[in-house]
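Letter by letter, the chains look like this.
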Amino acid sequence: VQFFTIGSVQAVADNAITLAKLAGGTDGNIISFDASGDPVAVATGNDGQVLTSAGAGAPPAFEAIPAVTAGAISELTTQATTSGTTKNFAISAGAKRIKIIFDLVSMSGGSTAVEVQLGDAGGLETSGYVGTVMSTTTGVTAENPTNSFRICKDGEADANRSFVGMMTIVPIEGSNLRWIATSLSSATTGSITQLSTGAKTLSAELSQITILGGTFDAGQISVTEELV
């Protein structure tokens, strides 16, 4: 270590102290400073913890990564609907509000309907849905599908129409089995508007959603989920 004298005081030269000259410490500790400006060792955390600030006047600390904040919104991977017959989205445990966004979704071939089915660990639920879908195709008409939620009536989805809209699916308070759905959409051809509502009780916690009904040939679908 290099020393030099200022007046009668002997001082250590800048950059003169090497790591080898520091006192031994605990593996994983980090050197910080306390509220008095004195050096302090931040205790080693546990595997998986992160270093977080405690604000001015306090050293940082290792802490567990916070749990997902209630109301946090997560956007799932958007899927193109340019081909295929089903688009499946895995739903996180504890999700409380799910939104399905349809962006110019179109189906080829004969007339059909854009359908949404819920599923749990046992698979997709294909029956037991109750509700109504209304359309302004020819006046105001309605039907009551029992195998799925729908954003349009049977026979309205074909190669000549693309659909834009959103379906929201939420559980009854205090339950993760009984789900309520509402949707509002429109077809880009023919000035058609659709409104639907429905309900479905699952046999286990919701874990997946599938959009189906025919062969997709255009557009995309995005899903967002709000966690507890």
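Basis of the calculations
Residues numbered from 1 in each chain as written. Predicted model: local features only at pLDDT ≥ 70, side-chain atom pairs only at ≥ 80, totals over all residues. Heavy atoms only, no water. Helix = DSSP H or I, 4+ residues; strand = E, 2+ residues; numbered from the N terminus. Buried < 20%, exposed > 50% of the residue type's maximum accessible area, 1.4 Å probe, protein only. Polar contact = N/O pair within 3.5 Å; in protein donor to acceptor, adjacent residues only side chain to side chain. Contact = heavy atoms within 4.5 Å. Salt bridge = Lys/Arg side-chain N within 4 Å of Asp/Glu carboxyl O. 1 Å grid on protein atoms, 1.4 Å probe; cavity = no way out; pocket = protein on both sides within 12 Å on 5 of 7 lines; lining within 4 Å. Points joined across faces, edges and corners; volume = space filled by probe spheres on them. Nonpolar A, V, L, I, M, F, W, Y, C, P; charged D, E, K, R; others polar. Pairing = 2+ DSSP bridges. Phe/Tyr/Trp six-rings, centres within 6.5 Å; stacked < 30°, edge-to-face > 60°. Lys NZ or Arg CZ within 6 Å of the ring centre and 35° of its normal. Core = buried A, V, L, I, M, F, W, Y, C linked by side-chain atoms within 4.5 Å.

Participant: Help me understand the side chain of serine 148 in this model?
Facilitator: Tracing the backbone through its elements, the reader meets serine 148 in the loop between strand 14 (141–143) and strand 15 (149–150). Taking the relative accessible area as the measure of exposure, serine 148 reaches 1% and is therefore buried. Among the polar contacts made by the side chain of serine 148, one reaches the side chain of glutamate 115 at a distance of 2.7 Å. Polar side-chain contacts of serine 148 include one of 3.4 Å to the side chain of arginine 150. Look past the residues within four positions of serine 148 in its chain and what remains in contact with it is Glu115, Val116, Gln117 and Tyr129.

Participant: Even after reading the chapter, I still don't get the pattern of salt bridges, so can you show me in this structure?
Facilitator: Taken as a whole and assessed by the stated rule, the structure comprises 4 salt bridges. Across the salt bridge formed by arginine 150 and glutamate 115, the nearest N and O atoms sit 3.9 Å from each other. Here arginine 150, found in strand 15, pairs with glutamate 115, found in strand 11 (residues 115–120); they are 35 residues apart in sequence, far enough to count as distant. Taking relative accessible area as the criterion, arginine 150 reaches 12% and is therefore assigned buried.

Participant: Help me understand empty space enclosed by the protein, please; the structure alone is not making it clear to me.
Facilitator: On inspection of all chains with the given rule, the structure shows 1 cavity of 30 Å³ or more. Reported here for the largest cavity is a volume of approximately 70 Å³. Taken together, 13 residues form the lining of the largest cavity, with Pro145, Ser148, Phe149, Arg150 and Thr197 sitting closest to its centre. Elements represented by at least two residues in the lining of the largest cavity include exactly strand 13 (130–135), strand 15 and strand 18 (192–201). Here the lining of the largest cavity gets 4 residues from one element, more than from any other, and that element is strand 13. Of the residues assigned to the lining of the largest cavity, the class counts are 6 nonpolar, 6 polar and 1 charged.

Participant: Please clarify how the pairing of strand 9 (residues 87–90) should be interpreted in this entry.
Facilitator: In regular strands, side chains alternate between the two faces of the sheet. Burial of strand 9 is one-sided: the residues Lys87 and Phe89 facing one way are buried, the residues Asn88 and Ala90 facing the other way are not. As judged from the 4 bridges shared by strand 9 and strand 19 (residues 208–212), these two strands associate in the antiparallel manner. Residue alanine 90 lies in a different strand from strand 19, and its bridge partner there is glutamine 208.

Participant: Teacher, can you tell me more about the packing of aromatic side chains here?
Facilitator: The geometry of an aromatic ring pair is captured by two quantities: the separation of the ring centres and the angle between the planes. Applying the stated criterion across every chain yields a total of 1 aromatic pair. Between tyrosine 129 and phenylalanine 149, the ring centres sit 5.1 Å apart and the planes meet at 85°, which makes this aromatic pair edge-to-face. Separated by 20 residues along the polypeptide, tyrosine 129 in the loop between strand 12 (123–124) and strand 13 and phenylalanine 149 in strand 15 bring together distant segments of the chain. Among the residues examined, phenylalanine 149 registers a relative accessible area of 4% and is labelled buried. Over the aromatic face of tyrosine 129 sits the side chain of lysine 200, whose NZ or CZ is 5.3 Å from the ring centroid.

Participant: Mind showing me how you'd approach the layout of surface pockets here?
Facilitator: With a probe scaled to a water molecule rolled over the atoms, the places where space remains empty come into view. Approximately 170 Å³ is the volume attributed to the largest pocket. If you trace the largest pocket, you find it lined by Leu22, Ala23, Gly24, Gly25, Thr26, Asn29, Ile30, Ile31 and Ala41. For the lining of the largest pocket, the class distribution of residues is 5 nonpolar, 4 polar and no charged.

Participant: Just checking my understanding: could you explain the environment of glutamine 79 for this structure?
Facilitator: Within the element layout of this structure, glutamine 79 appears in strand 8 (residues 79–80). Separated by 81 residues in the primary sequence, glutamine 79 and asparagine 160 have C-alpha atoms spaced 21 Å apart. Sequence-distant contacts of glutamine 79, defined by excluding residues within four places in its chain, comprise Lys87, Asn88, Phe89, Gln220 and Ile221. Side-chain polar atoms of glutamine 79 contact the backbone oxygen of asparagine 88, separated by 2.7 Å.

Participant: So what exactly am I meant to see when it comes to the nonpolar core here?
Facilitator: A general trend in soluble globular proteins is that nonpolar side chains are found buried together. Ranked by size, the top nonpolar core spans 33 residues in total, and within it Ile98, Ile100, Phe102, Ile169, Ile209 and Ile211 carry the most contacts. Broken down by secondary-structure element, the contributors of at least two residues to this core are strand 10 (95–108), strand 11, strand 16 (162–171), strand 17 (178–187), strand 19 and strand 20 (215–227). Those residues within four positions of isoleucine 100 in sequence are excluded, and the remaining contacts are Val116, Gly165, Met166, Met167, Ile169, Ile209, Ile211, Ile221, Ser222 and Val223.

Participant: Is there a simple way to explain the environment of threonine 138 in this structure?
Facilitator: Mapped onto the fold, threonine 138 is located in the loop between strand 13 and strand 14. Sequence-wise, threonine 138 and isoleucine 192 are 54 residues apart; in three dimensions their C-alpha atoms are separated by 8.8 Å.

Participant: Explain unusual backbone geometry here, please?
Facilitator: Excluding glycine, a negative phi dihedral is what most residues carry, and trans is how most peptide bonds are arranged. Look at leucine 104: it is not a glycine, yet its phi comes out positive at around 55°. With respect to the helices and strands, the residue leucine 104 is situated in strand 10. When its relative accessible area of 41% is taken as the criterion, leucine 104 is described as partly exposed.

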